[in-house]
Amino acid sequence: MDSRLSGLIEKLGTRHSLSRDEYAELLRLRDGDSARELASRAVELRQQIYGKRVFIRGLIELSNICKNDCLYCGIRRSNRSCRRYRLSPDQIIDCADEGYTLGFRTFVLQGGEDAFFTDEVLCSIISELKKRHPDCAVTLSLGERSRESYALLRKAGADRYLLRHETADRAHYEKLHPADMSFDNRLRCLNDLKELGYQVGCGFMVGSPYQTEAHIAADLKFIEEFKPEMCGIGPFIPHRDSPFRDCPAGSAELTCYLLSIIRLIHPPVLLPATTALGTIDPCGREKGILSGANVVMPNLSPADVRSKYELYNNKISSGEESAQHVSQLSRRMRSIGYELAADRGDFSGVSA
Ligand code: SAH
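In what follows, the accompanying structure is described. (Residues numbered from 1 in each chain as written. Predicted model: local features only at pLDDT ≥ 70, side-chain atom pairs only at ≥ 80, totals over all residues. Heavy atoms only, no water.)

### Regarding the packing of aromatic side chains
What counts here: Two rings from Phe, Tyr or Trp (for Trp, the six-membered ring) form a pair when their centres sit within 6.5 Å of each other. Planes less than 30 degrees apart are called stacked, planes more than 60 degrees apart edge-to-face, and all others tilted. Residue burial is assigned from relative accessible area. The probe radius is 1.4 Å, only protein chains are included, and a residue is buried under 20% of its type maximum, exposed over 50%, and partly exposed in between. Comment: the charge-over-ring label is applied if NZ (Lys) or CZ (Arg) is within 6 Å of the ring centre and within 35 degrees of the ring normal.
Summed over all chains, the structure comprises eight aromatic pairs. When the centroid spacing of 4.9 Å and the interplanar angle of 90° are considered together, the rings of Phe116 and Phe117 count as edge-to-face. The class of Phe117 is buried, set by a relative accessible area of 4%. Taken together, a centroid distance of 6.5 Å and an interplanar angle of 80° make the contact between Phe236 and Phe244 edge-to-face. Both residues of the pair, Phe236 and Phe244, count as buried. In this structure an aromatic cluster arises from ring pairing among Tyr150, Tyr161 and Tyr198. Of note, Lys52 hangs over the ring of Tyr338, and the distance from its end group to the ring centre comes to 5.2 Å. Above the ring of Tyr100, the side-chain terminus of Arg105 is found at 3.5 Å from the ring centroid.

In structure tokens, the structure reads:
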């Protein structure tokens, strides 16, 4: 391997930190050897903290109604072809009950920014979930809300919140979002969530339109400094009805390379092998785990709405992607030497 490259990997492995320019170089110089070296170090570090355990989260996509108009997203408000749906609070509780029976101990409520889900509605869903399943964690992924709202949801029992920063570069953020959304508000939300005691997840898309290696380097620096408990990254995949319909998809290879780097930056981070990674590569999930990821999030939404939560073309929602097929997923994980964990799978604060 190039000696510059091996020097960077050694430095990242020991100090868990590089400069922005060094991150950019690690990306620019990447080759098969550096990918293998990073993955092997990432897997070893994760082994020390979490062993061979892969955590499962039951994903409930509660609504595809959204007031936002993110240019990359299939459920953006100006997509007239999107068939909209919203689950009722009872349907959401039923999904979680079914998930509990299937062995899930974390429920992730994700959705568009749908005004139906007021603080009052959400608080009653969260407290009901916690009452029925006190041994479970409730994770929210419902976009940008006020600090007061986040505080109320936390008080009602929400444990974790996923809100990808999407990109750590302001100018890039503005190319991916309409003028009525702001980079500052995204960061304000992440900081509020952290201060309110949530376990927080940030993240970004790999290969999003206009993204450069310098942007990804800024994302890595952001992750290094923010130290999120979770971090979601997956390839950008175009949606046929979005302004980015003709943009190329991100690659599984670069996504896996970044999963390894993120594991080395922040060893205890909970890192999912995402649905988008499983969508662009049939072995994406396994490749993600073998690169340092340790979370999978099968879909618990009712079967008839699953295909409607279409953030990008051909989003997978059957087979192992479905919570009902968790035993199939479990077999696939065992075939690569891992086992699905049956507990909540909280962040393990021990920093290496
Ligand atoms: N409304 C919530 C949930 C968004 S969906 C929120 O704002 O957080 C979850 C993630 O899917 C987004 O944060 C985005 O990074 C990702 N996503 C959206 N469109 C995508 C696309 N076309 N390709 C890949 N990932 C996409």
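### A look at the pairing of strand β2 (residues 58-63)
Threshold: Here a helix means four or more residues in a row that DSSP labels H or I, a strand means two or more in a row labelled E, and each is numbered from the N terminus. The pairing criterion for strands is at least two bridges between them, as found by DSSP. When the strands point away from the viewer, a crossover counts as right-handed if the path from the first strand over the helix to the second runs clockwise.
Burial analysis of β2 places six of its six residues in the buried class, which makes it a mostly covered element. Pairing of β2 with strand β3 (residues 106-111), which is carried by five bridges, proceeds in the parallel orientation. Pairing of Glu61 across the sheet is with Gln110, part of β3. Crossover connection from β2 via helix α4 (residues 89-102) to parallel β3: handedness right-handed.

### Observations concerning the layout of surface pockets
Take a probe with the size of a water molecule and roll it over the atoms, and the empty space left behind shows itself. In plain terms, the rule: Lining residues are defined by having an atom within 4 Å of a point belonging to a cavity or pocket. Those points lie on a 1 Å grid over the protein atoms alone, cavities being sets where a 1.4 Å probe fits but cannot get out and pockets being open sets with protein on both sides within 12 Å along at least five of seven lines. Grid points are joined across faces, edges and corners, and a volume is the space filled by probe spheres set on the points. Under the convention adopted here, Pro, Cys and the residues Ala, Val, Leu, Ile, Met, Phe, Trp and Tyr are nonpolar, Asp, Glu, Lys and Arg are charged, and Gly plus all remaining residues are polar.
If you add up the space inside the largest pocket, you get close to 180 Å³. Lining the largest pocket we find Leu62, Lys67, Gly112, Glu113, Asp114, Ala115, Phe117, Thr118, Leu142, Glu144 and Arg145. A per-class count over the lining of the largest pocket returns four nonpolar, two polar and five charged.

### Examining the site of the ligand
What counts is decided by this rule: Whether a residue is near a molecule or strand is decided by its heavy atoms; if any one of them lies within 4 Å of it, the residue is near. Polar contacts, as counted here, are pairs of nitrogen or oxygen atoms within 3.5 Å of one another; within protein the pair requires one atom able to donate a hydrogen and one able to accept it, and residues that are adjacent in sequence qualify only if both atoms are side-chain atoms. Working definition of accessibility: Shrake-Rupley area with a 1.4 Å probe, residue cover restricted to the visible protein chains. Put plainly, a molecule is in a cavity or pocket when over half of its atoms are within 2 Å of the grid points there.
Near the ligand there are 17 residues, and of these Tyr72, Gly111, Arg164, Glu166 and Ile237 occur at the shortest range. Glu166 places a side-chain nitrogen or oxygen 2.5 Å from an oxygen atom of the ligand. Here the ligand has 560 Å² of accessible area as a free molecule, and 91% of this is covered by the chains. One can see that the ligand is located within the largest cavity. A class-by-class count of the residues in the shell around the ligand yields 10 nonpolar, four polar and three charged.

### Here we look at the pattern of salt bridges
Between side chains of opposite charge, a pair can form as their charged atoms come close. What counts here: Salt bridges are counted wherever a side-chain nitrogen of Lys or Arg sits within 4 Å of a carboxyl oxygen of Asp or Glu.
Per the stated rule, a full pass over the model turns up 34 salt bridges. Taking the shortest distance from any N to any O, the salt bridge between Asp33 and Arg36 comes out at 3.0 Å. With Asp33 and Arg36 both in helix α3 (residues 32-50) and three residues apart, the pair spans about one turn of that helix. Under the relative-accessibility criterion, Asp33 is labelled partly exposed at 37%. By relative accessible area, which is 56% here, Arg36 ends up exposed. As a salt-bridge pair, Arg41 and Glu37 come within 2.7 Å of each other at their nearest N and O atoms. A residue pair is termed a helical-turn pair when its members lie 3 or 4 positions apart in one helix, as Arg41 and Glu37 do in helix α3 at four residues. In this structure Glu37 comes out as partly exposed when scored by relative accessible area, which is 28%. Sharing partners across several salt bridges, the network here consists of Lys130, Asp159, Arg160, Arg344 and Asp346.

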